[in-house]
2 protein chains.
Amino acid sequence: MDRLTATYLVETPLPVARAAEVLAGEQSSGTFVAVPGETAELKQRFAARVEKITALESVATPSVPTGRAPAASYHRAEIVVSWSIGNFGWNLPTLVSTVQGNLYELAQFSGLRLLDLDFPRSFTEKFRGPQFGIAGCRRLTGVEGRPLIGTIIKPSIGLSPAQTAAMVRELVEAGIDFLKDDELMADPPHSPLAERVAAVMAVINAHAQRTGKKAMYAFNVSDELDAMQRHCDAIVAAGGTGAMLSINSVGLAAAKKICDRGQLAIHGHRNGWGMMNRHPLLGIAFPAYQKLWRLAGVDQLHVNGIANKFWEPDDSVVASIASCLAAEPLGKPVLPVISSGQWGGQAPETWRRTRTVDLLYQAGGGIQAHPDGAGAGVRALRQWWEAAVVGLTLEQAAAKYPELAKSAEKFGSNK
Amino acid sequence: MDRLTATYLVETPLPVARAAEVLAGEQSSGTFVAVPGETAELKQRFAARVEKITALESVATPSVPTGRAPAASYHRAEIVVSWSIGNFGWNLPTLVSTVQGNLYELAQFSGLRLLDLDFPRSFTEKFRGPQFGIAGCRRLTGVEGRPLIGTIIKPSIGLSPAQTAAMVRELVEAGIDFLKDDELMADPPHSPLAERVAAVMAVINAHAQRTGKKAMYAFNVSDELDAMQRHCDAIVAAGGTGAMLSINSVGLAAAKKICDRGQLAIHGHRNGWGMMNRHPLLGIAFPAYQKLWRLAGVDQLHVNGIANKFWEPDDSVVASIASCLAAEPLGKPVLPVISSGQWGGQAPETWRRTRTVDLLYQAGGGIQAHPDGAGAGVRALRQWWEAAVVGLTLEQAAAKYPELAKSAEKFGSNK
């Protein structure tokens, strides 16, 4: 059987090779003493295998508690471990339990982070992955040759369906490509999702009828499973093209079930991500995370943005974008969603560092708080990207584009 | 509307009150500038509210990176924040996005951990919670007045359905109350779940027919959603009483859908937990975690065990047990699953520290690697608990119980 390969960054007070064997053992036989049924033949076929160890630096203090007496030093290393795909079949949750699972609790490690996964084709071929992906999202929104410009309806929570639809009207008339609910706004009593879908899609459909341009609205369908199915039905019935999932909150199995419907482009919001990523020696790095969600079928995935309002450094954002745009697995890249404190002013640096326009570039306040209104906010974002790709200086761009100039005045000092 | 209350442990370079306002703001309006629609009335109704701040120590270095220049010191505090339940309705995934979500990414914090949640009754009354819970699991297994004795089939992965059934036969004949698959063993090609269910339930049913005692086997149904439904159907059809979910890998929405079936006691395996809990200033503490999964309907939940093979200190295990046994929410405690490196020798200390027998006490190798076989292993575990509750010394217990004595000889030195 072909093998799945996982790469970890680890830290351990033990000799690294011994710690790696503990990791492999926990995720194969999984008990603290040899048991009668554990034959050499079984071990050979089902045991995890340590494929490679690359020693890194040692440190004096453990990154996370071990529950054991202090050691003289803690050794860091990158280790590669493999499993036969016959151990889990085409079962994504059990694959996750295999490559993550109990590993994070092992006392033999003072740090453990899953960096990347490498799937054999005989595994991935059973997964469709993103039904729409970058090409499909471009087709649905009619945008070519530049980033999709998107916004989040703000304030995050509290607007009625009619108020939401009124904001959507202004934004689609300004030519926006993409809109979405905030992750705090799902199906609350003051804005039931079905009513919001009806009100918003009436506006979007009327505009599309008139102009031929249909904006994608990713309604936040995150909910219990049956409710998510109902929400998606309502969107499809109303002619909508997108839905948003808070992927960590909803979870892998239910999210895949929604993606499997294949009718709506799925906007993957990764809120909760910091919990499993923010400590550099714990959790999961974005390349591995992105691959799991790509297999589940998410079409768009959040990556923060340059100079974001969160803690994430630009280098990490740039690496995440590259990871979404990589062909493998499945030959189906995911559309990176640039978000968090964005207003257009980050477009030049985003372009400089990524040289791609295959992005969904989102601004919430950065569009809707534009001094001349949301319409001007949308125009400003497009202008920022035109100027960035052409390579205009801020002075040249400001002279050419009035909305861009006004946004620079307001948000440039605000940042 | 009634309010949901969340308690956090935070660390911040800012004055704590200001950081708390940032947290509340992110989870209400959620943008970096005031937006036109954000009226005072909206804020009043939907804004998160900082209810209480309890200052703790300050430290010189940040617990997790902030992506910002170093500060002179970082202040720790416990803060209590509340939201109107009208913000999310009875939508558990969106509640999670509200109380966890983007918070972990805020640059204003160098540590953030959700400690506890307090739900108003008007929220919890829409949830059934555990269908079986402690009383139901006792009824299904016919065990009163002592812990349920359980085991995990080992080796974790590789046995065929027939081999598994053969091990189950020996264990049920020895009077075991509960058995389960390992989390690595789900529905692989070498042991399709439907075949394993048929083979195992034939043994369990025959034994029940003969003796009146029916052991619960928690088959690992963790999988994609439709597959989980099929797996549960197969278990129910074969007369099984339990199913296991790797709750973190499967995720909240799909797990709740499986719990909602209400036909099988659900064994909640928390593999992956270390990722979100091991760093003391990041993630989620067990009381909050346990409440979310109790609302989802899990009947049994892993808590590690005293002197476990993982990193978790005993104090933390004891606190988790208390958390599962607390009446609220729902007046339905969850059965704590004691596991990880257990062999019976930890029973006296477990009893001394918890004074409860409302436990599912699991040993894998600790039963199956008993020198006289798995049957002796089961008897030894029961003996350890009898001796612990009566208060025998090790000498007294070993003199009275031969299987206990042999297990102490083998595992006592092994530990």
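Every residue gets a number counted from 1 within its own chain, in the order that chain's sequence is written. Whichever chain is written first becomes A and whichever ligand is written first becomes 1, with later ones labelled in order. Where local features are concerned, this predicted model is filtered to residues with pLDDT of at least 70; where side-chain atom pairs are given and counted, the filter is 80 or more; whole-chain, interface and lining totals use all residues. Heavy atoms throughout the structure, all of them, feed into the side-chain values; hydrogens and water do not.

Novice: Got a sec to walk through the overall build of chain A? Specific residues and values, please.
Specialist: Counting its regular elements, chain A contains 18 helices and 13 strands. Restricting the calculation to C-alpha atoms gives the radius of gyration, and the globule rule supplies 2.2 Å times the number of residues raised to the power 0.38. Taking 2.2 N^0.38 as the reference for a compact globule, 415 residues should give roughly 22 Å; the C-alpha atoms of chain A span a radius of gyration of 24 Å, in line with that estimate. Along the three orthogonal principal directions, the C-alpha set of chain A runs to about 75 × 45 × 35 Å. Counting only residues that meet the buried cut, chain A has 65% of its 415 residues in that class. Helix numbering and strand numbering both begin at the N terminus, where a helix is a DSSP run of H or I of at least 4 residues and a strand a DSSP run of E of at least 2. When a residue's accessible area, from a 1.4 Å probe over protein chains only, is under 20% of the maximum for its type it is buried; when over 50% it is exposed; and in between it is partly exposed.

Novice: Describe helix 14 (residues 347–354) of chain A, listing the residues and the values that go with them.
Specialist: All names here are of chain A. Buried residues of helix 14: Ala347, Thr350, Trp351 and Thr354, and no others. Down the axis of helix 14, the smallest arc covering the buried residues is 95°, so these residues share one side. Those residues of helix 14 that are buried lie in contact with helix 13 (314–325), strand 13 (360–362) and helix 16 (374–390). Arginine 355 lies just past helix 14 and shows a positive phi near 50°. Note: the arc covers the axis-to-C-beta directions of the helix. The contact rule is simple, with two residues in contact once any of their heavy atoms fall within 4.5 Å.

Novice: Help me get a handle on the domain arrangement of chain A, residues and values and all.
Specialist: Residues and elements named next belong to chain A. Domain annotation of chain A identifies domain 1 (3–124) and domain 2 (133–414). Inter-centroid distance (C-alpha atoms) of domain 1 to domain 2 is 36 Å. With 23 residues of domain 1 at the interface, the matching set in domain 2 holds 19 residues. The term buried area refers to how much accessible surface (probe radius 1.4 Å) is lost by two components on association, counted for both of them together. Buried surface at the junction of domain 1 and domain 2, both sides included, amounts to about 1,800 Å², of which 67% is carbon and sulfur. Where a domain begins and ends is set by an automatic assignment or by a domain database.

Novice: Please set out the relation of the copies chain B and chain A residue by residue, giving values where relevant.
Specialist: A residue counts toward the fit only if its pLDDT is at least 70 in both copies, and the copies are then superposed by least squares on the C-alpha atoms of those residues. Note on the identical chains: chain B maps onto chain A by a rotation of 180° and an axial translation of 0.0 Å, with an RMSD of 0.0 Å. One copy is carried onto the other by what is essentially a two-fold rotation axis. Minimal C-alpha separation from the rotation axis in chain B is found for glycine 251 of chain B, amounting to 1.8 Å. A symmetric contact is evident, with 100% of the interface residues of chain B recurring at the interface of chain A.

Novice: Which residues make up the packing of aromatic side chains, and what values do they have?
Specialist: Any two of the Phe, Tyr and Trp rings considered here, Trp counted by its six-membered ring, make a pair once their centres fall within 6.5 Å; the pair's planes then place it as stacked at under 30 degrees, edge-to-face at over 60, or tilted in between. A full pass over the atoms with the stated rule returns 22 aromatic pairs over all chains. Where phenylalanine 123 of chain B meets phenylalanine 127 of chain B, the ring centres are 5.1 Å apart and the plane angle is 40°; that geometry is what we call tilted. Given a relative accessible area of 1%, phenylalanine 123 of chain B falls into the buried group. Judged by relative accessible area, which is 6%, phenylalanine 127 of chain B ranks as buried. An aromatic cluster is defined as three or more aromatic residues linked by ring pairs; in this entry it consists of Phe88, Phe119, Phe123 and Phe127 of chain A. Lysine and arginine charges are scored as sitting over a ring when NZ or CZ, respectively, is within 6 Å of the ring centre and within 35 degrees of the ring normal. The side chain of lysine 126 of chain A reaches across the aromatic face of tryptophan 90 of chain A, ending 3.6 Å from its centre.

Novice: I'd like to hear about the interface of chain B and chain A, residue by residue, with values.
Specialist: Interface size is often expressed as the accessible area that is lost when the parts come together. Taken residue by residue, the interface counts 103 residues in chain B and 103 residues in chain A. Here chain B meets chain A over a buried area of about 8,000 Å², counting both sides, of which 59% is carbon and sulfur. As used in this structure description, the phrase polar contact means that two N or O atoms lie within 3.5 Å; if the pair is within protein, one of them must be able to donate a hydrogen and the other to accept it, and residues adjacent in sequence are counted only when both atoms belong to side chains. One can count 40 residue pairs in polar contact (both at pLDDT 80 or more) joining chain B with chain A. Take the side of chain B that touches chain A: its biggest share by element is six residues, from helix 10 (residues 252–260) of chain B. The nonpolar class holds Ala, Val, Leu, Ile, Met, Phe, Trp, Tyr, Cys and Pro. Asp, Glu, Lys and Arg form the charged class, and all remaining residues, Gly among them, are polar. The residue inventory of the side of chain B that touches chain A, partitioned by class, reads 42 nonpolar, 42 polar and 19 charged.

Novice: I'd like a rundown of the environment of alanine 265 of chain B, residues and numbers included.
Specialist: Residues and elements named next belong to chain B. Relative to the helices and strands, alanine 265 is located in strand 9 (residues 265–269). Between the alpha carbons of alanine 265 and glutamate 170 there is a distance of 23 Å; along the sequence they are 95 residues apart. In this structure alanine 265 touches Phe132, Cys137, Leu140, Met216, Thr241, Gly242, Ala243, Asp299 and Gln300, once residues within four positions along its chain are discounted.

Novice: Hey, could you go over the sheet that holds strand 4 (residues 111–118) of chain B for me, with residue numbers and the actual values?
Specialist: Consider a sheet: its strands pair through backbone hydrogen bonds, and that pairing is either parallel or antiparallel. Residues and elements named next belong to chain B. Ordered by their spatial adjacency, five strands build an open sheet running 2-3-1-4-10, and the pairing between neighbours is mixed. Where the open sheet ends on each side, the last strands, each with one partner, are strand 2 (49–59) and strand 10 (282–284). For this sheet, the mean inter-axis angle between neighbouring strands, taken without regard to orientation, is 15°. Should DSSP find at least two bridges between two strands, the strands are taken to pair. Taken together, the eight bridges between strand 2 and strand 3 (residues 74–84) define a ladder with antiparallel strand orientation. Bridge assignment links isoleucine 53 to a residue of strand 3, and that residue is isoleucine 79. Helix 3 (residues 92–99) contacts strand 1 (3–12), strand 3 and strand 4 of the sheet and is inclined by roughly 35° relative to strand 1. Angles shown run from 0 to 180 degrees and are taken between the N-to-C directions of axes, each axis being a line fitted to C-alpha atoms and, for helices, limited to the stretch in contact.

Novice: Quick rundown of the packing of helix 12 (residues 286–296) of chain B against helix 13 (residues 314–325) of chain B? Include the residues and the values.
Specialist: Each pair of packed helices can be described by the angle between their axes along with the distance between the axes. All names here are of chain B. As a packed pair, helix 12 and helix 13 sit with axes 9 Å apart at the nearest point and diverge in direction by 35°. In this structure, helix 12 crosses over helix 13, and the sense of that crossing is right-handed. Contact with helix 12, carried on its side by Phe286, Pro287, Gln290 and Arg294, involves Ser320, Ser323 and Cys324 of helix 13 and no other residues of that element. The hand of a helix crossing depends on one turn: near helix anticlockwise from the far one by less than a right angle means left-handed, and clockwise means right-handed.

Novice: Residues and numbers for the pattern of salt bridges, please.
Specialist: Residue and element names in this part refer to chain B. Each salt bridge in this description consists of a side-chain nitrogen of Lys or Arg and a carboxyl oxygen of Asp or Glu lying within 4 Å of one another. Applying the stated criterion across every chain, the model contains 42 salt bridges over all chains. The salt bridge involving arginine 76 is made with glutamate 57; its shortest N-O contact spans 3.1 Å. Placement of arginine 76 in strand 3 and of glutamate 57 in strand 2 is noted, with a sequence separation of 19 residues between them. The partly exposed category is assigned to glutamate 57, whose relative accessible area is 40%. Among the salt bridges present, the one from arginine 353 reaches aspartate 315, with a minimum N-O distance of 2.8 Å.

Novice: Before we move on, can you summarise the packing of helix 6 (residues 161–173) of chain A against helix 7 (residues 193–211) of chain A with the specific residues and values?
Specialist: Residues and elements named next belong to chain A. At a minimum axis distance of 8 Å, the contact between helix 6 and helix 7 shows a crossing angle of 25°. The angle between helix 6 and helix 7 places the two elements in the roughly parallel class. Viewed along their axes, helix 6 and helix 7 form a crossing whose handedness is right-handed. Two secondary-structure elements touch here, helix 6 through Pro161, Thr164, Ala165, Val168, Arg169, Val172 and Glu173 and helix 7 through Glu195, Arg196, Ala199, Val200, Val203, Ile204, His207 and Arg210. The residue makeup of the contact of helix 6 with helix 7, split by class, is eight nonpolar, two polar and five charged. An angle below 35 degrees is treated as roughly parallel, one above 145 as roughly antiparallel, one from 65 to 115 as roughly perpendicular, and anything else as oblique.

Novice: I'd love a proper account of the nonpolar core, names of residues and values included.
Specialist: Among the buried residues, those of types Ala, Val, Leu, Ile, Met, Phe, Trp, Tyr and Cys that are joined through side-chain atoms within 4.5 Å form a nonpolar core. Tyr8, Leu179 and Ile284 of chain A together with Tyr8 and Ile284 of chain B are the most contacted members of the largest nonpolar core, which totals 232 residues. For tyrosine 8 of chain B, the contacting residues outside a window of four places in its chain are Leu23, Ala77, Glu78, Ile79, Val81, Trp83, Val99, Leu103, Leu112, Arg113, Leu114 and Leu115 of chain B.

Novice: I'd like a rundown of the sheet that holds strand 4 (residues 111–118) of chain A, residues and numbers included.
Specialist: Residue and element names in this part refer to chain A. Taken in spatial order, the five strands of this open sheet run 2-3-1-4-10, and their pairing is mixed. Lying at the two open borders of the sheet, with one neighbouring strand each, are strand 2 (49–59) and strand 10 (282–284). Here the strands of the sheet are splayed against their neighbours by 15° on average, with no regard to which way each runs. Pairing of strand 1 (residues 3–12) with strand 4 involves seven bridges; the strand directions are antiparallel. By the bridge assignment, tyrosine 8 is partnered in strand 4 with leucine 114. On top of the sheet, helix 3 (residues 92–99) reaches strand 1, strand 3 (74–84) and strand 4; it is set at about 35° to strand 1, its chief contact. Helix 12 (residues 286–296) rests against strand 4 and strand 10 of the sheet, and its axis sits at about 50° to strand 4.

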